[in-house]
Amino acid sequence: MTGAAPLLEVTDLAVEFRTPGGVVRAVDGLTYQVEAGRTLAIVGESGSGKSVSSLAVMGLLGPTAHVTRGTARLNGTDLLALPPREHRARCGQDVAMVFQDALAALNPVLTVGFQLTEALRARHRISRGEARQRAVELLDLVKVPHARERVRDYPHQFSGGMRQRVMIACALALDPKVLIADEPTTALDVTVQAQVLRLLAEIQAERQMGLVLITHDLGVVAGVADDVTVMYAGRAVEQAGVLGAFRSPAHPYTRALLQSVPQLGSRTRLPVIPGRPPGPGDRPAGCPFHPRCALAQDVCRADPPPPLVEAAPGRWSACHFAGDVLRGAAVPAETTPEGDPR
Amino acid sequence: MGRYILRRVLQAVGTLFLVMVVLHLLTTFAIQLNGNPALAFFGEHEPSASQLAAVEKRYGLDDPCYDQVGNPCAGPFVDRLVAYAQGDFGTNLRGRAVTEIVAQSAPHTLRLFVVVTFTWLTIGMVLGSVAARWRGRPADHGIRFTTVLVDALPVFVLLLLYKFVVTVPVHQWARSEFGSESWPALWFRPSFDADHPWATVLIPGILLGVSGSAAFVRLVRASQLESYSGEHVRTARSKGLPERYVVLHHVVRNSSIPVVTAVGLVFTEALAGAVVTEGLMNINGMGGVLWGAVKGSDVSLVLGVVTLLAVVTVVVMIVVDVLYAALDPRIRYE
Ligand SMILES: Nc1ncnc2c1ncn2[C@@H]1O[C@H](COP(=O)(O)OP(=O)(O)OP(=O)(O)O)[C@@H](O)[C@H]1O
Ligand code: SF4
Ligand SMILES: [Mg+2]
């Protein structure tokens, strides 16, 4: 993290779902920051609340969800405190979102050109010709070949990679300040993944956008992110610059993830670490990670660790022993794997 | 798109041919088992053999195959197809051209149909959309409860109630209040009046439409609810589009695809309802003609009318399919 004022600042966000089995807290005190021109990667196991928290920021949660506390400040304005109509109006132009499965996320019965420019047309009186021109520009921007002809096509006529580019172009239509990309490449072939990611990184750098990249892929994190937020059980357990976090993690969960990075080629999903993450309904007392943590002490089973504390400059961790972990101390021998890649 | 339509039309022609084969076989076996329908021509009195032979010849019933049970009578069938292809649908037992009879009665049925379809679509789309938009709210519960009520009331009960309980007092009151030629008096006439075909068919048509709309309301609601939770709707919202726009362009637009399919299916149901309504409200339409023809063993008339109805149904199916393709590009480019 640098000293610059953050563009998007999510603080202590909590989201609950009403379910037949009772209230479930999917996000429980998440905090992160994104700065202009930087990429923040959010990583965490399935179910850790990455998507739900992004949807909360966008105001796109369904009727059963409820943001119980927290703020999401964009340039100082708390989006979550705005009336729904105003919050909606900020979407697309202040903060936009790219979804994972472009085939489902694009409307199958409308042309790509229509979907690229509908937000623009709904906000400004522009002629059909101008809208068309703009659609072509957007497709050019994401490097879809033959943009002029392709604006008339429907989503199902595109290949997976091209479709994801269209999805990205849709999100860029109003020139957003922050882009949240929720696993934008998980559905794609490995080679196509790299192309799409490179494109995203290019556009992000060119426009000095803040990019929140949600991913399972630590290789992606290392390749394109500046900062990383590691989520576990609905909250951030570590936030740091990518280099620092990879070289010397300040949270045992991050360390376990890094130690179990699988070999190249099978790196599509987050590496598995022993045990399973707790569901939103059955989080243990104390530190939610303690049943799987190699460093757990009695205090971990009794008291929850403080939310992110600064263990070193720019190194935030939510662990009772953040400082020790950061220094690489007190790692019980049996959990040190052979062939640590770092 | 052109190829798609062509394929549909060819399929439709095939279907039509099958319908005609089945119809022919059914009537043939009916004649073979029940005896000579030409007798019906003479009503009560006994014809001489030569009279009977003349009549048989006139209606194409002289082929000996009609006396052999189990013979499919392919010869007369081909003759009839050739005649139909030339626009000759034969005559009824009283010598009137089938085409003329149909031309006279079809507009009445068509009018009923227009009113029914219009009512049905309007109610279905409006109530279905409202129920989906405010799911789980009082409006939704109210609408769903009403559809159950409507379903519990069959068309003929609804029409009987209307005809014998509502129309008489209302019609009389309207006549004395506004005059017998006024719109209100015509609307509530207990039976059809060929001089005022639209006014007198309006309310029975609406009732028929209402009774058919219950299932349709539920269908529209269900398909829109599915759209509401669709990922593409979430994307549309993420673009900052106002909710009204999202509903119109991404929910209603997408859910119109299953709805159009249902229109085709319910068409046949409406056809059955129309026959009942015509009978009850004394509307001299296709339903009445068909009913009379079957009762009077009027073979050519039955065959002609049923064939025409099959043609209409098949045409509607084609229109639905084409509309379907127009609404859904994935079908169009398949
Ligand atoms: N509509 C819902 N109703 C109830 N619980 C939900 C709902 N949506 C999500 N959850 C719960 O919220 C938690 C977080 O889900 P979320 O989709 O944010 O996970 P994620 O980190 O994005 O996982 P993945 O990597 O699989 O995408 C999950 O445990 C899930 O069960
Ligand atoms: S608080 Fe304790 S259990 Fe939790 S991560 Fe730190 S050491 Fe492990
Ligand atoms: Mg997710």
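Residues numbered from 1 in each chain as written. Chains lettered and ligands numbered in written order. Predicted model: local features only at pLDDT ≥ 70, side-chain atom pairs only at ≥ 80, totals over all residues. Heavy atoms only, no water.

### With respect to the pattern of salt bridges
Phase 1: Applying the stated rule across the entire model yields 28 salt bridges over all chains.
Phase 2: Across the salt bridge formed by Asp227 of chain A and Arg38 of chain A, the nearest N and O atoms sit 3.1 Å from each other. Separated by 189 residues along the polypeptide, Asp227 of chain A in strand β9 (residues 227-232) and Arg38 of chain A in the loop between β2 (22-34) and β3 (39-43) bring together distant segments of the chain. Residues Asp227 of chain A and Arg38 of chain A agree in their burial class; the two are buried.
Phase 3: We note a salt bridge from Asp140 of chain B to Arg144 of chain B, for which the minimum N-O separation is 3.5 Å. (Salt bridge = Lys/Arg side-chain N within 4 Å of Asp/Glu carboxyl O. Helix = DSSP H or I, 4+ residues; strand = E, 2+ residues; numbered from the N terminus. Buried < 20%, exposed > 50% of the residue type's maximum accessible area, 1.4 Å probe, protein only.)

### What to know about the state of the cysteines
All names here are of chain B.
Phase 1: Within the structure shown, the criterion is met by one disulfide over all chains.
Phase 2: Here Cys65 pairs with Cys73 through a disulfide, and the sulfurs are 2.1 Å apart. Taking the sign of the torsion about the S-S bond as the criterion, the disulfide between Cys65 and Cys73, at about 115°, is right-handed. Assigned by exposure class, Cys65 and Cys73 land together as buried. (Disulfide = S-S within 2.5 Å.)

### Description of the domain arrangement of chain B
Phase 1: When its domains are assigned, chain B resolves into domain 1 (2-85) and domain 2 (104-296).
Phase 2: One C-alpha centre belongs to domain 1 of chain B, the other to domain 2 of chain B; they are set 37 Å apart. (Domains from an automatic or database assignment.)

### Re a nonpolar patch on the surface
Residue and element names in this part refer to chain B.
Phase 1: Side chains of Leu153, Phe156, Leu160, Leu161, Phe164, Val165, Val166 and Val276 sit close together on the surface and give an oily, nonpolar patch of about 680 Å² of accessible area.
Phase 2: Looking at the nonpolar patch element by element, the count peaks at six residues for helix α6 (residues 155-178).
Phase 3: The topology assignment puts Val276 in helix α10 (residues 243-280).
Phase 4: Judged by its relative accessible area of 36%, Val276 is partly exposed. (Patch = residues over 30% accessible without salt bridge, like charges linked within 9 Å, V, L, I, M, F, W, Y side chains within 5 Å. Areas by Shrake-Rupley, 256 points an atom, 1.4 Å probe, with all protein chains shown as cover.)

### Considering helix α1 (residues 2-34) of chain B
Residues and elements named next belong to chain B.
Phase 1: Under the 1.5 Å per step criterion, the end-to-end length of α1 is 48 Å for 33 residues, consistent within 8% with the ideal 48 Å.
Phase 2: Along α1, the positions that sit buried rather than exposed are Tyr4, Arg8, Ala12, Leu16, Met20, Leu23, His24, Thr27, Thr28, Ile31 and Gln32.
Phase 3: In this structure, the buried residues of α1 make contact with α3 (74-85), α12 (299-327) and α13 (329-332).
Phase 4: With its phi angle positive at about 100°, Gly35 sits one or two positions after the end of α1. (Expected span 1.5 Å × (residues − 1). Contact = heavy atoms within 4.5 Å.)

### Structural notes on the site of ligand 1
All names here are of chain A.
Phase 1: With respect to spatial proximity, 14 residues lie near ligand 1, and among them Ser46, Gly47, Lys50, Ser51 and Val52 are the closest.
Phase 2: Take Ser51: an N or O atom from its side chain is 2.7 Å from an oxygen atom of ligand 1.
Phase 3: Taking His216, its side chain carries an N or O atom lying 3.1 Å from an oxygen atom of ligand 1.
Phase 4: Protein contacts shield 67% of the accessible area of ligand 1, which totals 630 Å² for the unbound molecule.
Phase 5: At the level of secondary structure, the elements contributing two or more residues to the shell around ligand 1 comprise β1 (8-19) and α1 (50-58).
Phase 6: Ranked by the residues each element gives to the shell around ligand 1, the list is headed by α1, at three residues.
Phase 7: In terms of residue class, the shell around ligand 1 is made up of four nonpolar, seven polar and three charged. (Near = heavy atom within 4 Å. Polar contact = N/O pair within 3.5 Å; in protein donor to acceptor, adjacent residues only side chain to side chain. Nonpolar A, V, L, I, M, F, W, Y, C, P; charged D, E, K, R; others polar.)

### Section: the confidence of the model for chain A
Phase 1: Of all residues in chain A, 91% attain a pLDDT of 70 or more, and the chain-wide mean is 88.
Phase 2: Taken together, the stretch residues 331-342 of chain A has pLDDT below 50 and engages in 13 contacts with residues farther than four places along the chain or on a different chain. (pLDDT = per-residue confidence, 0-100.)

### Describing the sheet that holds strand β5 (residues 77-78) of chain A
Residue and element names in this part refer to chain A.
Phase 1: Ordered in space as β2-β1-β4-β5, the four strands form an open sheet in which the pairing is antiparallel. In the strand order of this sheet, the two ends are held by β2 and β5, each with one partner.
Phase 2: By the bridge criterion, two bridges tie strand β4 (residues 65-74) to β5 in an arrangement that is antiparallel. Paired with Arg73 across the strands is Asp78, a residue of β5.
Phase 3: Against the sheet, α1 touches β1, β2 and β4, its axis set at about 110° to β1. (Pairing = 2+ DSSP bridges. Axes fitted to C-alpha atoms, helices over the stretch in contact; angles between N-to-C directions.)

### Things to note about unusual backbone geometry
Phase 1: For His146 of chain A, which is not glycine, the phi dihedral falls at a positive 55°.
Phase 2: For His146 of chain A, the position within the fold is in the loop between α5 (128-141) and α6 (147-150).
Phase 3: Look at His146 of chain A and you get exposed, because its relative accessible area is 58%.
Phase 4: You will see that Cys73 of chain B, though not glycine, has its phi angle at about 55°, which is positive.
Phase 5: Within the secondary structure layout, Cys73 of chain B lies in the loop between α2 (49-58) and α3.

### With respect to helix α11 (residues 286-295) of chain B
Residue and element names in this part refer to chain B.
Phase 1: Looking at α11, one finds that the buried residues are Met286, Gly287, Val289, Leu290 and Ala293. One side of α11 carries all its buried residues, which in axial view fall inside an arc of 160°. For α11, the exposed residues lying more than 90 degrees away from the buried face are Trp291 and Lys295.
Phase 2: The first or second residue beyond α11 is Ser297, which carries a positive phi of 50°. (Arc of directions from axis to C-beta.)

### Considerations on the site of ligand 2
Phase 1: Taken together, His251, Pro252, Cys287, Phe289, His290, Cys293, Leu295, Ala296, Cys300, Cys319, His320 and Phe321 of chain A are the residues near ligand 2.
Phase 2: Broken down by class, the residue content of the shell around ligand 2 amounts to nine nonpolar, three polar and no charged.

### Section: the packing of aromatic side chains
Phase 1: Taken as a whole and assessed by the stated rule, the structure comprises seven aromatic pairs over all chains.
Phase 2: Centre to centre, the rings of Tyr84 of chain B and Phe89 of chain B are 4.4 Å apart; their planes meet at 25°, and the pair counts as stacked. You'll find Tyr84 of chain B and Phe89 of chain B in the same group, each marked buried.
Phase 3: When the ring of Trp120 of chain B is compared with that of Phe216 of chain B, the centres are 4.4 Å apart and the planes differ by 15°; the resulting orientation is stacked. Linking Trp120 of chain B in helix α4 (residues 98-133) with Phe216 of chain B in helix α8 (residues 197-228), this pair joins segments that are 96 residues apart in sequence. Considered together, Trp120 of chain B and Phe216 of chain B belong to a single accessibility category, that of buried residues.
Phase 4: Linked through ring pairs, Tyr232, Tyr253 and Phe289 of chain A together constitute an aromatic cluster.
Phase 5: Stacked on the ring of Trp198 of chain B, the Lys or Arg Arg111 of chain B has its end atom at 5.6 Å from the ring centre. (Phe/Tyr/Trp six-rings, centres within 6.5 Å; stacked < 30°, edge-to-face > 60°. Lys NZ or Arg CZ within 6 Å of the ring centre and 35° of its normal.)

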